[in-house]
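Residue strings, one per chain:
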Amino acid sequence: MRTITKDFSPLYRSFIGAEHLASLMDKASRAEKQPAYPPYNIEAIGEDKYRITMAVAGFLESELDIESHENSLTVTGQKATVDTDKDRTFLYQGIAERNFERKFQIADHVKIISAHMENGLLHIDLEREVPEALKPRKIAINKKDLLEGEVK
């Protein structure tokens, strides 16, 4: 398979004050391949609300760890070793119960709201909370009173 490399240096010249955006794109293009396990969905469930759903069948809540650090979300699954597995003989084992680590890059001002398990699916709810200072605002154009003697 052919690897395509992109040069993001023009973004550094044209995005004044948004260098972090260009560096995130550069970082994402160089990211090492993650395994396909466990499968997951990312969905928009409302304006500025998102949900990550991961299929983690066979894992207990105590075997899962969710960690948020800066602009990164890491979900780790660590199966507890059980000695009773030695007594089991599988004719076919299609349910993967292997350890995993899945990383997601999270945009600025996106907060993890909650996480819960339901029917073998881990749901992580996120919400973008843009501070008032960063939201667009209208700037009023005030009329200046003309000084006496000026042509109107």
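Everything discussed here concerns the structure shown above.
Report follows, based on the coordinates.

Reading the values: the criteria
- Residues numbered from 1 in each chain as written.
- Predicted model: local features only at pLDDT ≥ 70, side-chain atom pairs only at ≥ 80, totals over all residues.
- Heavy atoms only, no water.
- Salt bridge = Lys/Arg side-chain N within 4 Å of Asp/Glu carboxyl O.
- Helix = DSSP H or I, 4+ residues; strand = E, 2+ residues; numbered from the N terminus.
- Buried < 20%, exposed > 50% of the residue type's maximum accessible area, 1.4 Å probe, protein only.
- Pairing = 2+ DSSP bridges.
- Axes fitted to C-alpha atoms, helices over the stretch in contact; angles between N-to-C directions.
- Phe/Tyr/Trp six-rings, centres within 6.5 Å; stacked < 30°, edge-to-face > 60°.
- Lys NZ or Arg CZ within 6 Å of the ring centre and 35° of its normal.
- Polar contact = N/O pair within 3.5 Å; in protein donor to acceptor, adjacent residues only side chain to side chain.
- Contact = heavy atoms within 4.5 Å.
- Lys, Arg positive; Asp, Glu negative; His and termini not counted.
- Core = buried A, V, L, I, M, F, W, Y, C linked by side-chain atoms within 4.5 Å.

This paragraph deals with the pattern of salt bridges. Taken as a whole and judged by the stated rule, the model has five salt bridges. Residue Arg128 is joined to Asp48 by a salt bridge in which the shortest nitrogen-to-oxygen separation is 3.0 Å. Of this pair, Arg128 sits in strand β7 (residues 121–128) while Asp48 sits in the loop between β1 (40–46) and β2 (49–55), placing them 80 residues apart in sequence. When the shortest N-O distance is used, the salt bridge between Lys103 and Glu101 registers 4.0 Å.

Turning our attention to unusual backbone geometry. Unusually for a residue other than glycine, His109 sits at a positive phi of about 70°. Along the chain, the position of His109 falls in the loop between β5 (100–105) and β6 (110–118). We classify His109 as partly exposed; its relative accessible area is 28%. Here Asn119, not a glycine, exhibits a phi torsion of approximately 55°, which is positive.

The next subject is the sheet that holds β7. Whenever strands of a sheet pair, they do so through backbone hydrogen bonds, lying parallel or antiparallel. If you walk across this open sheet you meet the four strands as β1-β2-β7-β6, and the pairing is antiparallel. The two strands at the open ends of the sheet, each matched to only one other strand, are β1 and β6. For this sheet, the mean inter-axis angle between neighbouring strands, taken without regard to orientation, is 20°. In this sheet, β7 lies alongside β6 in antiparallel orientation, the contact comprising eight bridges. Paired with Met117 across the strands is Leu122, a residue of β7.

Inspection of the entire model under this criterion finds three aromatic pairs. Between Phe59 and Phe100, the ring centres sit 5.4 Å apart and the planes meet at 85°, which makes this aromatic pair edge-to-face. Here the residue Phe59 occupies a position in the loop between β2 and β3 (64–69), and Phe100 occupies one in strand β5, the gap between them amounting to 41 residues. The residues Phe59 and Phe100 share a single accessibility class, namely buried. Taken together, the ring pairs connect Tyr37, Phe59 and Phe100 into an aromatic cluster. One residue, Lys79, lies across the ring of Phe59, its end atom 5.3 Å from the ring centre. One Lys or Arg, Arg98, reaches over the ring of Tyr37 and ends 4.1 Å from the middle of that ring.

Note on placement: His123 falls in strand β7. A relative accessible area of 10% means that His123 is categorised as buried. Within the local environment of His123, its side chain forms a polar contact with the side chain of Thr53, the two groups lying 3.1 Å apart. Dropping the residues within four chain positions of it, His123 is found in contact with Arg51, Ile52, Thr53, Ser114, Ala115, His116 and Glu118.

Now for the side chain of Arg102. Tracing the chain through its elements places Arg102 in strand β5. In this structure Arg102 is buried but unpaired, with Glu101 as the nearest side chain of opposite charge at 9.7 Å. A distance of 3.4 Å separates a polar atom in the side chain of Arg102 from the backbone oxygen of Pro38.

Looking at the secondary structure, you find Thr76 in strand β4 (residues 72–77). Leave out the neighbours within four places in its chain, and Thr76 touches Glu63, Leu64, Asp65, Phe100 and Glu101.

The next thing to look at is the nonpolar core. Within soluble globular proteins, side chains that are nonpolar tend to cluster in buried spots. Residues Met54 and Phe100 are the most contacted members of the largest nonpolar core, which totals 15 residues. Elements supplying a minimum of two residues to this core: β2, β4, β5 and β7. Not counting chain neighbours up to four residues away, the residues in contact with Phe100 comprise Tyr37, Pro38, Met54, Val56, Phe59, Leu64, Val75, Thr76 and Gly77.

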